[in-house]
Amino acid sequence: SRVDGDVGEISLFCAHGSDLADREKLVQTLHLLFSDSNDESSIEDLADDIQELIQRLPGRYNYPLLTFNAFATDAIGPDEASIIIGDGYFQFQKDSGVESEGPEYAHTHEYSHHLQLLLGVGELNDDFSDQSAKKQELMADAFSAYFLAHDSGGDMTSEEISN
């Protein structure tokens, strides 16, 4: 069946560990994550705890595990779909020798989560059950692999995709 609709514009952002050093940005992010909490002092305390912990990490704000993630979200604002990919994710790809294919995979995989919303087969960030998460991730992998293998998409070989 044909799906009418448009994913619309999706903004692509990179997450940097150094962003966590900016207290104002960190507090804003925590407010976004914990929007149900009206307790400003607990958000401020959490920001202090996070920054104190990061100071003890090797490499501090440049520690790759701080940004070893990629995700799709529509929670930034109404009609503000976005994909956020962290520096740590790219560092892992480079260290694993897949830096040529890895960024395309991450981008198409996260874009696929927005397609899931458009198709009505998943809600971003709503259902955290293991079964639902597996289904959504495997479906995003399938959409991504299809696009990357297609002649009009990434035109990658199966070997490039399986890396």
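Our subject in this report is the structure included herewith.

Conventions and cut-offs
- Each residue is numbered by its place in its chain's sequence as written, counting from 1.
- Per-residue local features of the predicted model are confined to residues with pLDDT of at least 70, and side-chain atom pairs are confined, for both listing and counting, to 80 or more; whole-chain, interface and lining totals are unaffected and use all residues.
- Calculation of side-chain values draws on the structure's entire complement of heavy atoms; hydrogens and water are dropped beforehand.
- Elements are defined by DSSP. Helices are runs of H or I of four residues or more, strands are runs of E of two residues or more, and each kind is numbered from the N terminus.
- Summary of the burial criterion: residues with accessible area below 20% of their type's maximum are buried, those above 50% are exposed, and those between are partly exposed, where the area comes from a 1.4 Å probe applied to protein chains only.
- Note on definitions: a residue-residue contact is assigned when non-hydrogen atoms from the two residues lie within 4.5 Å.
- Areas reported here follow the Shrake-Rupley algorithm with a probe of radius 1.4 Å; residue values treat only the protein chains shown as occluding.
- Between N-to-C directions, angles cover 0 to 180 degrees, with each direction set by a line fitted to C-alpha atoms, over the stretch in contact for helices.
- To sort the angles, those under 35 degrees are grouped as roughly parallel, those over 145 as roughly antiparallel, those from 65 to 115 as roughly perpendicular, and the leftovers as oblique.
- Any residue outside Ala, Val, Leu, Ile, Met, Phe, Trp, Tyr, Cys, Pro, Asp, Glu, Lys and Arg is labelled polar, Gly included; the first ten of those are nonpolar and the last four are charged.
- The pairing test for Phe, Tyr and Trp rings, Trp by its six-membered ring, is centres within 6.5 Å, and the orientation test on the planes gives stacked under 30 degrees, edge-to-face over 60, and tilted for anything in between.

**Considering the overall build of the chain**
Looking only at helices and strands, the chain has 6 helices and 3 strands in total. Going residue by residue from the N terminus, the α and β elements of the chain occur as β-α-α-β-β-α-α-α-α. Split into buried and exposed, the 163 residues of the chain put 26% on the buried side. Look at the contacts in the chain between residues 6 or more apart in sequence, and 55% of them connect residues 24 or more apart. A total of about 10700 Å² of accessible surface is found on the chain, and carbon and sulfur atoms cover 52% of it.

**Some details on the packing of helix α3 (residues 87-96) against helix α4 (residues 102-119)**
In contact at an axis separation of 10 Å, α3 and α4 are set at 140 degrees when each is read in the N-to-C sense. Overall, the two elements α3 and α4 adopt an arrangement that is oblique. Contact with α3, carried on its side by Y89, F90 and Q93, involves G102, P103, Y105 and A106 of α4 and no other residues of that element. Here the residues of the contact of α3 with α4 sort into 5 nonpolar, 2 polar and no charged.

**Description of the packing of aromatic side chains**
All told, the structure shown has 3 aromatic pairs when counted by the stated rule. Aromatic side chains F68 and F92 sit 5.1 Å apart centroid to centroid with 70 degrees between the ring planes, which places their arrangement in the edge-to-face category. Placement of the pair is F68 in the loop between α2 (40-55) and β2 (70-73) and F92 in helix α3, with a sequence separation of 24 residues. Since its relative accessible area comes to 45%, F92 is described here as partly exposed. Joined through ring pairs, the aromatic side chains of F68, Y89, F90 and F92 make up one cluster.

Remember, this is a structural readout, not a statement about activity or role.
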